[in-house]
Amino acid sequence: MPATSLAARLLNVFATPGDVFEEVKAALPSVANWLVPIVIYGLVTAVSSVLVLSQPAMAQKIHEKQEKVFDDQVKAGKITQEQADQMEKYAELAAKIAGGVGGFFMGFITVFGWAFLLWLIGRFALKADLHFMKVTEVAGLAASISALESLVRMLLIFGFNNPLASPSMAMLLKNPDPKNGLFMLLSMVNIMTFWALVVRSIGLAKLAGVPTVRVVVWVFGAWAVVMSILTALSMALQKGFGG
C-alpha cells in the first residue's frame, strides 16, 4: 500500500479508517499522526468556545445560569453577596479564557486518555503486544472526528440558540437541565461520539490483528464505565456546590 500524506490520512479516517490504520500499523512511528490532530481539535474547540461565549444571546443565557448558581450559594450561606458580585463580574472573562485554554488541554487529554485506555484494552483484554505511541496515533487520528463534533456542536448552539445543544438525544428534552440525571444520560447518546468510538475500535483492531466486533464491545464497554464514573462525580460536585 503506497504511503499517503498526513492530510489524506486525516480526511480518509472519516471514510475509510480501516485503510488508514493498516498504513499506520505498517509505517514507522509518526509524531504528526497524533500531534496535528491535537492542534486541530484544540483550535476548533477553543475557537468554538470563544465564539459561543461572544454571542450576546448566548452570553446572556450563560450569565443568567451563573447568576442563579451564585444566588443559590448566597442563600445557602456558602458565599456572601459581595463575593457573588465579584464572581459575576469576572465570570464571563474567565469563561472565555477557560474555553480557549481548555480547548487545547482537552485535545491532549482526549488523545492521550484514549491512547492509554485503548492500550489497556489491547494489552489485557486482547492480549496484544502494542507499542503505546502506535496506539496514540490511532487515538490522534480518531480525534479528527471529535474536532468535527466540536464544530457541529457550535453550529447547533447557534442554530437553536441553546448553549446546551449537541448532536445527542438530549436535544429531545423540552427543558434541558445540565443538573438533571436524564439530561446527562441522553447527552451520552451522541451519534458523533459513537462514530468516534467505532473508528477507535477499528484502529485498535488493526493494530492488534483481531476482529473489529470483538474490540467494539470492549471499547464501548470501557467508555460506558468511564462516562458513568464521570457523570456520578459531576452530579456529586454539583450537589456539593449547591447545584
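Relative to the helices and strands, Asn33 is located in helix H3 (residues 32–54). Here Arg9 takes part through its side chain, which lies 3.0 Å from a polar atom of the side chain of Asn33. Not counting the four nearest positions on each side in its chain, Asn33 is found in contact with Leu6, Arg9, Val24, Glu137, Gly140 and Leu141.

What follows concerns the packing of helix H6 (residues 132–160) against helix H8 (residues 191–208). Where H6 meets H8, the axes come as close as 9 Å, and the angle between the chain directions of the two elements is 165°. Here H8 runs roughly antiparallel to H6, going by the angle between their axes. Crossing angle aside, the handedness with which H6 passes H8 is right-handed. Judged by residue contacts, Lys134, Val135, Val138, Ala142, Ile145, Ser146, Leu148, Glu149 and Val152 of H6 engage Met192, Thr193, Trp195, Ala196, Val199, Arg200, Gly203, Leu204 and Leu207 from H8. For the contact of H6 with H8, the class distribution of residues is 12 nonpolar, three polar and three charged.

By size, the foremost hydrophobic cluster in this structure holds 39 residues, and its most contacted members are Phe21, Trp114 and Ile121. The set of elements that each furnish at least two residues to this core consists of helix H1 (6–15), helix H2 (17–26), H3, helix H5 (81–125), H6, H8 and helix H9 (212–240). Among the elements that take part in this core, H8 stands out by supplying nine residues, more than any other. Here Ile121 is in contact with Leu126, Leu204, Trp218, Val219 and Ala222, once residues within four sequence places are set aside.

This paragraph deals with the pattern of salt bridges. Evaluation of the coordinates by the stated rule reveals three salt bridges. Salt-bridge contacts for Glu22 lead to Lys206; the nearest nitrogen and oxygen are separated by 3.3 Å. In this pair, Glu22 is assigned in helix H2 and Lys206 in helix H8, connecting sequence segments 184 residues apart. What makes Lys206 partly exposed here is its relative accessible area of 26%. Linking Arg153 and Glu149 is a salt bridge whose minimum nitrogen-to-oxygen distance equals 3.3 Å.

Procedures and definitions
- Residues numbered from 1 in each chain as written.
- Predicted model: local features only at pLDDT ≥ 70, side-chain atom pairs only at ≥ 80, totals over all residues.
- Heavy atoms only, no water.
- Helix = DSSP H or I, 4+ residues; strand = E, 2+ residues; numbered from the N terminus.
- Polar contact = N/O pair within 3.5 Å; in protein donor to acceptor, adjacent residues only side chain to side chain.
- Contact = heavy atoms within 4.5 Å.
- Axes fitted to C-alpha atoms, helices over the stretch in contact; angles between N-to-C directions.
- Parallel < 35°, antiparallel > 145°, perpendicular 65-115°, else oblique.
- Left-handed = near helix turned anticlockwise from the far one by under 90°.
- Nonpolar A, V, L, I, M, F, W, Y, C, P; charged D, E, K, R; others polar.
- Core = buried A, V, L, I, M, F, W, Y, C linked by side-chain atoms within 4.5 Å.
- Buried < 20%, exposed > 50% of the residue type's maximum accessible area, 1.4 Å probe, protein only.
- Salt bridge = Lys/Arg side-chain N within 4 Å of Asp/Glu carboxyl O.

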